[in-house]
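Structure at a glance
Below are the chains, spelled out letter by letter.
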Amino acid sequence: MMRRPFFRFSASSVAAAVLLWVLGAAFLLSAFGKFQSIDSFSWAILDAGIRSDSAAAVLARLLVGLEAAVGFLLLLRVAVRRLALPVATGLLLFFSGYLMYLLVQQGNAGDCGCFGDLLPMKPLPALLKNAAMLLGVVVLYKLPDWKEWQRRLWIGGLLIAGMTVVPLMVLPSYRHREPMQLTLLQDSSLDLRHGKQVVAFLSLGCPHCRHAAQKFSAFFRKDPTLPLTMVLNGSKEEALGFFQDTKATNVPVLYEPDQEVFVMLAGKWVPSVYYVNNGIIERRVSYNTLTAEGIRRWAVH
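Residues numbered from 1 in each chain as written. Predicted model: local features only at pLDDT ≥ 70, side-chain atom pairs only at ≥ 80, totals over all residues. Heavy atoms only, no water.

**Overview of the overall build of the protein chain**
Spelled out, the test is: Elements are defined by DSSP. Helices are runs of H or I of four residues or more, strands are runs of E of two residues or more, and each kind is numbered from the N terminus. We call two residues in contact when some of their heavy atoms are within 4.5 Å. The method behind every accessible area is Shrake-Rupley, applied with a 1.4 Å probe, and residues are considered shielded solely by the protein chains displayed. The convention is simple: Lys and Arg are positive, Asp and Glu are negative, and His and the chain ends are not counted. Where a charge lies is defined by one atom per residue type: Lys uses NZ, Arg uses CZ, Asp uses CG and Glu uses CD.
For the protein chain, the count of helices and strands is 10 helices and six strands. With respect to the three principal axes, the spread of C-alpha positions in the protein chain is 85 × 35 × 35 Å. Pairs at least 24 apart in sequence give 72% of the contacts found in the protein chain among residues at least 6 apart. Put simply, the protein chain shows about 15,300 Å² of open surface, and 64% of that area lies on carbon and sulfur atoms. Taking the average place of the 30 positive charges on the side chains of the protein chain and the average place of its 20 negative ones, the gap between the two points comes to 16 Å.

Pasting the structure below:
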């Protein structure tokens with residue numbers, strides 16, 4: 001009696017293979033991007049309404065682990081129909097609900113954080129991406145003539161359980177808060193040491209910093225009370241071209257001509273945006289993810 005070959009080179013089996021690889025790679029890329037910037041993902045969950053820092057940190061890590069596990073199950077063809085596809089559907093619906101919330105709250109602006117800082121994406125394109133992935137899941141359910149390499153549910157369950165807790169072990173969920181040495185700033189015309197302040201360090205010659213300044217200017221045209229201040233690496237005279245380009249003269253600004261002090265406070269990369277509470281750094285965020293609504297929620301929380 002001849003055994004049937006494991007692979008059937010039919011149109012449906014090839015289509016299934018492509019879909020499994022595309023969906024698996026998408027979940028792994030999403031998990032990797034969030035893993036690289038886990039704090040930003042945690043803060044996005046906080047901005048979405050969860051009020052506990054520790055709960056948001058734990059949930060962010062669990063979701064990253066779950067995404068990675070689903071990606072591996074799809075690529076390895078382990079418990080795909082009974083476990084990987086149902087969990088993938090749940091994750092996609094969960095994240096789609098979050099994206100619709102973002103669209104209602106802030107419109108199609110900012111970075112949704114779907115791929116962390118690895119691949120900036122606005123909420124609407126991310127929602128369309130999720131819809132395409134959900135369609136791919138449905139097609140996989142319907143396609144005949146493709147096989148799983150391992151169908152046992154308990155093996156898939158062990159893989160999901162194991163990978164879900166890995167980020168919790170590798171990335172501690174406690175928050176290490178450090179002070180920002182704002183007393184080093186030569187320009188003390190604004191007091192950033194007290195209360196909640198969003199401090200954005202921008203370089204005069206950086207194109208991304210100019211884009212960030214234009215974004216901040218749009219924030220202030222709608223709400224001039226936002227607790228956001230730009231710190232520029234130069235003097236007022238040197239910044240004339242910067243403001244001619246960005247039209248960000250409505251944003252509060254401090255000047256720091258000492259490059260060593262600027263780098264010490266800003267870090268190696270700019271634009272650097274910090275949420276500072278009474279001189280203590282609470283968050284460092286990408287300017288792409290910063291929204292006026294997020295700043296307001298943090299300021300009153």
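**Details of the sheet that holds strand 2 (residues 196–202)**
Just so we agree on the cut-off: A pair of strands is treated as paired once DSSP finds two or more bridges between them.
Spatial ordering of the open sheet is given by 1-6-5-2-3-4, a layout of six strands whose pairing is mixed. The sheet terminates laterally at strand 1 (178–179) and strand 4 (253–255), the two strands that pair on one side only. By the bridge criterion, five bridges tie strand 2 to strand 3 (residues 228–232) in an arrangement that is parallel. Following the sheet pairing, Val 199 is matched in strand 3 by Thr 229.

**Overview of the nonpolar core**
Applicable threshold: What makes a nonpolar core is a set of buried Ala, Val, Leu, Ile, Met, Phe, Trp, Tyr and Cys residues whose side-chain atoms join them at distances within 4.5 Å. The buried label applies to any residue whose accessible area, calculated with a 1.4 Å probe on protein chains only, is under 20% of its type's maximum; exposed applies above 50%, and partly exposed to all values in between.
Counting 68 residues, the largest nonpolar core has Leu 202, Phe 216, Met 230, Leu 232 and Leu 290 as its most contacted members. In terms of residue count, helix 3 (residues 53–76) provides more of this core than any other element does, nine residues in total. With 15 residues, the next largest nonpolar core counts Met 180, Val 231, Val 261 and Tyr 274 among its residues.

**Some points on the packing of helix 1 (residues 11–36) against helix 3**
Let me state the cut-off plainly: Axes, fitted as lines to C-alpha atoms, cover a helix only where it is in contact. Angles between the N-to-C directions of the axes lie from 0 to 180 degrees. Angular relationships are summarised with four words: roughly parallel below 35 degrees, roughly antiparallel beyond 145, roughly perpendicular across 65 to 115, and oblique for the angles in between. Handedness of a helix crossing follows the sense of rotation of the near helix relative to the far helix, less than a right angle counterclockwise being left-handed and clockwise being right-handed. Asp, Glu, Lys and Arg are counted as charged, while Ala, Val, Leu, Ile, Met, Phe, Trp, Tyr, Cys and Pro are counted as nonpolar; the rest, among them Gly, fall into the polar class.
Two elements in contact, helix 1 and helix 3, have axes whose closest approach is 8 Å; the angle formed by their N-to-C orientations is 155°. In terms of axis orientation, helix 1 runs roughly antiparallel to helix 3. Helix 3 is crossed by helix 1, and the crossing has left-handed handedness. Along its contact with helix 1, which presents Leu 20, Trp 21, Leu 23, Gly 24, Ala 25, Phe 27, Leu 28, Ser 30, Ala 31, Lys 34 and Phe 35, the element helix 3 presents Val 64, Glu 67, Ala 68, Val 70, Gly 71, Phe 72, Leu 74 and Leu 75. For the contact of helix 1 with helix 3, the residue count by class is 14 nonpolar, three polar and two charged.

**Details of the packing of helix 3 against helix 6 (residues 153–170)**
Running from N to C, helix 3 and helix 6 cross one another at 140°; their axes reach a closest spacing of 7 Å. Relative to helix 6, helix 3 is oriented oblique. Judged by the sense of rotation from one axis to the other, the crossing of helix 3 with helix 6 is right-handed. Counting all contacts with helix 3, which are made through Val 58, Arg 61, Leu 62, Val 64, Gly 65, Leu 66, Ala 68, Ala 69, Phe 72 and Leu 73, the residues of helix 6 involved are Gly 156, Leu 159, Ile 160, Met 163, Thr 164, Pro 167 and Leu 168.

**As for the state of the cysteines**
Using the following cut-off: Two cysteine sulfur atoms make up a disulfide if the distance between them is within 2.5 Å.
Inspection of the entire model under this criterion finds zero disulfides. No disulfide involves Cys 206; its sulfur sits 3.1 Å from that of Cys 209, the nearest cysteine. Given the relative accessible area of 11%, Cys 206 is considered buried.

**Focus on the pairing of strand 6 (residues 280–285)**
Two strands pair when backbone bridges link them, and strand 1 and strand 6 are joined in this way by two bridges, in the antiparallel orientation. Looking at strand 6, one finds that Pro 179 is bridged to Ile 280. The antiparallel hairpin formed by strand 5 (residues 272–277) and strand 6 contains two residues in its connecting segment, where Asn 278 sits at a positive phi of about 50°.

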